[in-house]
Structures are given as C-alpha cells and as structure tokens.
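# Inside the fold
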Amino acid sequence: QVQVVESGGSLVQPGGSLRLSCTTSGTSLEKYAIGWFRQAPGKEREGVSCIRSSDGMIFYKDSVKGRFTISRDNAKNTVFLQMNNLKPEDTGVYYCATDPICSRAQIISLLGLWGQGTQVTVSS
C-alpha cells in the first residue's frame, strides 16, 4: 500500500524553472529523510539533493547549488525540489526515495522506497 510518487517534470527551456513534488501514500514523510536523484540517458543515477529528518540538514550536488532548493511541507505530506536556471545537463529522469544516506559526501538510497520517476527535459 505504501507508494512514492514524483510529479512535475516536463519540457522546459534553458534558464527556466520547474518544481518537482514527492509524496507518499500510506505513511507520513515528516519523520523520514528524502532524497532526489536523477538519471540521464546512458549515465549512472546520481544524487541531486536530500533533506534529513533528524536535524533538518540539507545537501546538494555541487552542480545544482544555488539553483535547486529542497523543502518540506508536512501539512501536504510533500517534499519539493524547486529547480531554477535549468541547464541542458539537468535533463534526466528524476526520482525521489526514502531513507537516503544524506551527507556532503554521499546522497544515496539503498533501503528506501523509490518512485517511478518524472522526466525533465531542458532544451530550446
């Protein structure tokens, strides 16, 4: 019954913005860390950002710092990824997942639940 669902991906021009949403059914996100990941065609999946539940710490992949913002809205049981000044290299399928290892050194989810992904394409 527990599901993770991402939404908000679309085709956008370079320099544009998108807001991705991650929600869960059957459980509350409030007490769980959440990570955002992406996978470009032919490349390995990489961690983009994560937010802890224990201390609220937030971490980002270096290439998205200053452009992406991760946040929680517990009333909506949602974690958002606001993406501004998008670049073609941001193109990929974006996933959210529960229970990531969330630190400056590593953003990865091994034991958590994953959504099906949402496509983000940045192109003129």
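Here's what I pulled together on the structure shown here. This one's a predicted model, so the numbers in the text were calculated from it and none came from an experiment.

On to unusual backbone geometry, then. A positive phi angle is found at N77, which is not glycine, with a value near 50°. You can see N77 is positioned in the loop between β7 (68–73) and β8 (78–83). Residues other than glycine seldom take positive phi values, yet D99 does so here, at roughly 55°. Assignment of secondary structure puts D99 in the loop between β9 (92–98) and β10 (101–102).

A separate point is the sheet that holds strand β5 (residues 46–51). The strand order across the open sheet built from six strands is β2-β12-β9-β4-β5-β6, with neighbouring strands paired in mixed fashion. Edge positions in the sheet fall to β2 (11–12) and β6 (58–60), since each of these pairs with one other strand and no more. As paired elements, β2 and strand β12 (residues 118–122) share two bridges and run parallel to each other. Each residue of the ladder has a partner; that of V12, found in β12, is V122.

Right, let's talk about the state of the cysteines for a bit. A complete count under the given rule lists two disulfides for this structure. Numbered by position along the chain, the disulfide-linked cysteines of the protein connect as 1-3, 2-4.

Moving on: the packing of aromatic side chains. According to the stated counting rule, one finds two aromatic pairs in the structure shown. Geometrically, the ring pair formed by F37 and W114 is tilted, given 4.7 Å between the ring centres and 45° between the ring planes. Separated by 77 residues along the polypeptide, F37 in strand β4 (residues 34–39) and W114 in the loop between β11 (107–108) and β12 bring together distant segments of the chain. In this structure F37 comes out as buried when scored by relative accessible area, which is 2%. Their ring planes at 75° and their centres at 6.2 Å tell us that Y95 and W114 sit as a pair that is edge-to-face. In this pair, Y95 is assigned in strand β9 and W114 in the loop between β11 and β12, connecting sequence segments 19 residues apart. Y95 gets classed as buried once you look at its relative accessible area, which sits at 16%. Above the ring of W114, the side-chain terminus of R45 is found at 4.0 Å from the ring centroid.

Our focus in this paragraph is the pairing of strand β3 (residues 18–25). Of the pairings in the sheet, the one linking strand β1 (residues 3–7) to β3 comprises five bridges and is antiparallel in character. For E6, the partnering residue across the bridge sits in β3 and is C22. As paired strands, β3 and β8 are joined by six bridges and run antiparallel to one another. Paired with S21 across the two strands is F80, which belongs to β8.

Parameters at a glance
- Residues numbered from 1 in each chain as written.
- Predicted model: local features only at pLDDT ≥ 70, side-chain atom pairs only at ≥ 80, totals over all residues.
- Heavy atoms only, no water.
- Helix = DSSP H or I, 4+ residues; strand = E, 2+ residues; numbered from the N terminus.
- Pairing = 2+ DSSP bridges.
- Disulfide = S-S within 2.5 Å.
- Phe/Tyr/Trp six-rings, centres within 6.5 Å; stacked < 30°, edge-to-face > 60°.
- Buried < 20%, exposed > 50% of the residue type's maximum accessible area, 1.4 Å probe, protein only.
- Lys NZ or Arg CZ within 6 Å of the ring centre and 35° of its normal.

Nothing here speaks to function; it is all geometry.
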